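Analysis of the macromolecular model
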Amino acid sequence: MLTAFIDHLSLGIHEAVTLTNLWYCFVGVFLGCLVGVLPGLGSLIAISLLLPITYHLPATGAMIMLAGVYFGADYGGGTCSILLGVPGHAAAAIDVLDGYPMAKQGRGGIALFMKCVASFWGSSVGIVLLMLFAPLLTAWALNFGPSEYCALMLLGLVAASTVGQGSPIKGVAMMLLGLLLGIVGTDVNSGVQRFNFGVAELSDGFSLVAMAMGLFAITEVIKSCNDVRVSPEQQSFSLRDQMPTREDWRRSFGPMLRGSGLGAFFGSLPGTSGGMATFLSYAIEKRTSKHPEQFGKGAIEGIAGPEACNNAGVGTAFIPTLTLGIPGDAIMALMLGALTIQGIQPGPQVITGHPDLFWGLIVSFWIGNIFLVILNIPLIGMWVRLLSIPYRMLFPAIVLFTCIGVYSTQNNVFDVYVLLAFGVLGFVMLLLRFEVVPLLLGFILGPMFEEYFRRTLLLSRGSFAVFVQRPITAVALAVTLGLFLWSVWAWTKRQSKGRAGRQPAAKAA
Amino acid sequence: MKKVDARDLIGGLALVAIGVFAALYASSNYQVGTVAHMGPGFFPAALGWILAAVGAVIVLIAFRAPIHALKPPPFELRPFLSVVFAVAVFGLLVERLGLIPTTIVTVAVASVAERSFRLRKALILGVILAVLAWLIFTVGLQMTLPAFASLD
């Protein structure tokens, strides 16, 4: 076990520590930070915006860069939360609660420093777990037949569409709509063109890049270009001002340990991203603290715990994504989409067929986190200045780069109109309070799900009994059903309680 | 107090329509086959009916739901239209005029979204972004799009 671990590590280092791959990683982290630090622009938008750039890179380089973008954007969102008191994105909302009060007390530098330390610790825990568990899970998954994949995908889809804030039924409806949109294009089994209505450009289906950018970036711009903007708290960010006191360190140690454990566990489960685990970590720290009254007024534990939790979860979220090819959330689904664009079929064969890509990517996660520390501790002043760029100049730039990015993937104007259509759809869905994330997840997983579903029933000669006879399949389907019923029940209860079910993030925003 | 939730009503009805359409279109245009040997129409047809059923549930809930806690964002026509037009203008012009003129027009149209829109400021921003876009995409990423294209 240990020798295998070291072998994998050295293979990964060999692959990741080349000048080109280090450069891709750095560019990814830097651009991710750049987009993520802007209010309202989260990892999903950052990844969709930068997906076109990776189109023409080699597979390993592209994945390394996208992972860097994810880490960078996730991190940048927290910086924005602490300095502006506005969540950079939903997952970073928790940083507002104690980070912003600290910034107002002139301790913003310390908050940012501790966030950096906690995030690095959390990421390291997540990455080590990923390295340990990925080979085990892969070995297990090699025995899976199509029915297991079918059931696990369904579990992932239902989890992601029901564990949200809104109605689980609407979430499932959006997931189904996504599956339906994924059908557009050529059927792999028969070669028949489905739902393309005579449009030649649709024979490969909708472009993932155009769709993701339309749903996230364009919708966000329409929604927020007239929002009132605040400017960051004015204060010094010299290295000395960022140094936490011994008391700060002592108080952050426990929360970081607990947070990373919690995050690692929840990160590996489907549908739990988007800050749910971080809120739980915050609640636990508040409950176990000797001075809970300080929470919400600048308690450093309120940053250390959730931040470690969030980043440990980022690492473990890659476990099911990379080993089974089953993503737990939309970001992981986009990663899988990028892998497919590179011509690599997601699943356990990634680790066996492309070990250099797999281990190189994981080692690059760690390198990316080192870049994050370098970019964010000495260079924090740069991001603070970036926060003072008026939004009036940013949003036309986002619209423009979205258009050019989409166009550049295939040099085809048709994709720009697809972008437009999904931008409008995303905005309509926002108005009608339908969630976009399950739609994207359904779209990405749709073709694979159909393939496994058809193969399952072909092998069983049309008998549905196969879904209850195979133990893993049956358990996964039972959990799926249980999760759906539970979330409908919980939602009904929340509905009758009315406003009581709102998360603290809504108040903070 | 019970009210009809207009958003769920519209959304649910739209989903029913999409689902029924997809199911009928798939089963009349593509071979459905049997469960053991599914044709290209089987999966979309089944999916369409399920979507229609879920849509119908949403419509039913719309009639029973209390007023929601989460307020939707207010609808503003101006940013919606200007962003939509900006993307459309980009699509229409990019291959006819080239990157730089298209960028300036797109940025100017998108800028109208903001209430304090000033044409001069928008044009200056457009020129800056055009140079930036040219540097990043044409020079840096070697995109084949010309900076200026002749009208034909």
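Data block above holds the structure.
A brief structural summary. Note that residues are indexed from 1 along each chain, following the sequence as it is written. For naming, the first written chain is A and the first written ligand is 1, with later ones following in the order written. Whole-chain, interface and lining totals are the exception, using all residues; otherwise, since this is a predicted model, local features are given only for residues with pLDDT of at least 70 and side-chain atom pairs are given and counted only at 80 or more. With hydrogens and water excluded, all non-hydrogen atoms of the structure serve as input to the side-chain values.

**Things to note about the overall build of chain B**
Threshold: For the purposes of this entry, the term helix denotes a DSSP run of H or I that reaches at least four residues, the term strand denotes a run of E that reaches at least two, and both are numbered from the N terminus. Classification of residues uses two cut-offs on accessible area relative to the type maximum, computed with a 1.4 Å probe and protein chains only: under 20% is buried, over 50% is exposed, and between them is partly exposed. By definition, residues are in contact when any of their heavy atoms lie within 4.5 Å. Values of accessible area rely on a 1.4 Å probe in the Shrake-Rupley scheme; residue burial ignores everything except the protein chains shown.
When helices and strands are tallied, chain B shows five helices and zero strands. Moving toward the C terminus, one meets the helices and strands of chain B in the order α-α-α-α-α. When the 152 residues of chain B are sorted by exposure, 44% land in the buried category. In chain B, 64% of the contacts between residues at least 6 apart in sequence involve partners at least 24 apart. Surface accessibility of chain B: about 8100 Å² in total, with carbon and sulfur atoms responsible for 72%.

**Focus: the overall build of chain A**
Where we set the bar: Here the radius of gyration uses the C-alpha set of atoms, whereas the globule reference equals 2.2 Å times the residue count to the power 0.38. The sign given to each residue is positive for Lys and Arg and negative for Asp and Glu; His and the chain ends receive no count. Taken as the charge location is NZ of Lys, CZ of Arg, CG of Asp or CD of Glu.
Looking only at helices and strands, one finds 23 helices and two strands in chain A. Since a compact globule built from 509 residues should have a radius of gyration of about 23 Å, the 22 Å found for chain A is in line with a globular shape. Seen through its C-alpha atoms, chain A measures out along the principal axes to roughly 70 × 60 × 50 Å. Evaluated residue by residue, chain A yields a buried proportion of 62% over its 509 residues. The contacts in chain A between residues at least 6 apart in sequence include a share of 79% that link residues at least 24 apart. Only carbon and sulfur atoms are counted for the fraction: they give 66% of the accessible area of chain A, which is about 18800 Å². Across chain A, the centroid of the 29 positively charged side chains sits 11 Å from that of the 25 negatively charged ones.

**Quick word on helix H9 (residues 208-224) of chain A**
Spelled out, the test is: Multiplying 1.5 Å by the residue count of a helix minus one yields the expected span of that helix. To get the bend at any residue, fit one axis to the seven residues that end at it and another to the seven that begin at it, then take the angle between the two axes.
For H9(A), with 17 residues, the first-to-last C-alpha span of 24 Å sits near the 24 Å given by 1.5 Å per residue. At A:Gly214, H9(A) is bent by approximately 35 degrees, the largest bend along its length.

**Observations concerning the packing of aromatic side chains**
A ring pair, where both rings are aromatic, is described by two values, the distance of the centres and the angle of the planes. Residue and element names in this part refer to chain A. Selection rule: Here a pair means two rings of Phe, Tyr or Trp (six-membered ring of Trp) with centres within 6.5 Å. Their orientation is stacked below 30 degrees between planes, edge-to-face above 60, and tilted elsewhere. Working rule: Lys NZ or Arg CZ, within 6 Å of ring centre, within 35 degrees of ring normal, means a charge sits over the ring.
If you walk through the whole model with that rule in mind, you get 30 aromatic pairs over all chains. Here the aromatic rings of Phe120 and Trp366 are separated by 5.6 Å at their centres, their planes lie at 45 degrees, and the arrangement is tilted. Highlighted residues: Phe120 in helix H6 (residues 108-141) and Trp366 in helix H16 (residues 355-376), separated in sequence by 246 residues. By relative accessible area, which is 37% here, Trp366 ends up partly exposed. Within the aromatic cluster, the residues linked to one another by ring pairs are Trp23, Phe26, Phe30, Phe371 and Trp383. One Lys or Arg, Lys115, reaches over the ring of Tyr75 and ends 3.4 Å from the middle of that ring. Between Lys170 and the ring centre of Phe434, over which it is positioned, the NZ or CZ distance is 4.6 Å.

**Brief notes about the pattern of salt bridges**
Residues and elements named next belong to chain A. Where we set the bar: When a carboxyl oxygen of Asp or Glu is within 4 Å of a side-chain nitrogen of Lys or Arg, the pair counts as a salt bridge.
Tallied over the full model, the rule gives 13 salt bridges over all chains. When the shortest N-O distance is used, the salt bridge between Glu148 and Arg470 registers 3.0 Å. With Glu148 in helix H7 (residues 146-162) and Arg470 in the loop between helix H21 (466-469) and helix H22 (471-497), the pair connects residues that are 322 residues apart, well separated along the chain. A relative accessible area of 34% means that Arg470 is categorised as partly exposed. Arg250 is the partner of Glu247 in a salt bridge, and the nearest nitrogen-oxygen pair spans 3.2 Å. Of the two residues, Glu247 and Arg250 are both situated in helix H11 (residues 246-267); the distance of three residues between them amounts to about one turn of the helix.

**A closer look at the interface of chain A and chain B**
The test is simple: Accessible surface is computed with a 1.4 Å probe, and the buried area is the amount of it that two parts give up when combined, taken over both parts together. Polar contacts here mean pairs of N or O atoms no more than 3.5 Å apart (in protein, one a potential hydrogen donor and the other a potential acceptor; neighbouring residues in sequence count only if both atoms are side-chain atoms).
Across the contact, 62 residues belong to chain A and 69 residues belong to chain B. For the pair chain A and chain B, the summed buried surface comes to about 5900 Å²; carbon and sulfur atoms form 79% of the total. For the pair chain A and chain B, the interface holds one salt bridge. Taking the shortest distance from any N to any O, the salt bridge between A:Lys170 and B:Asp8 comes out at 2.5 Å. Our enumeration of links across chain A and chain B arrives at seven residue pairs in polar contact (both at pLDDT 80 or more). Elements supplying a minimum of two residues to the side of chain A that touches chain B: helix H8 (168-183), strand E2 (193-194), H9, helix H18 (391-410), helix H19 (413-431), helix H20 (437-459) and H22 of chain A. With 12 residues, H18(A) is the single largest residue contributor to the side of chain A that touches chain B.

**With respect to a nonpolar patch on the surface**
Counted only if it meets this: Each patch groups residues whose relative accessible area exceeds 30% and which form no salt bridge, using 9 Å between like charges and 5 Å between nonpolar side chains of Val, Leu, Ile, Met, Phe, Trp and Tyr.
A contiguous nonpolar patch, built from B:Val127, B:Val131, B:Leu132, B:Trp134, B:Leu135, B:Ile136, B:Val139 and B:Leu141 and spanning about 630 Å² of accessible area, is present on the exposed surface. Mapping B:Ile136 onto the fold places it in helix H5 (residues 119-140).

**Quick look at helix H12 (residues 276-288) of chain A**
The end-to-end C-alpha distance of H12(A) is 19 Å, a good match for the 18 Å that 13 residues give at a rise of 1.5 Å each. The set of residues buried in H12(A) consists of A:Ala277, A:Thr278, A:Phe279, A:Ser281, A:Tyr282 and A:Glu285.

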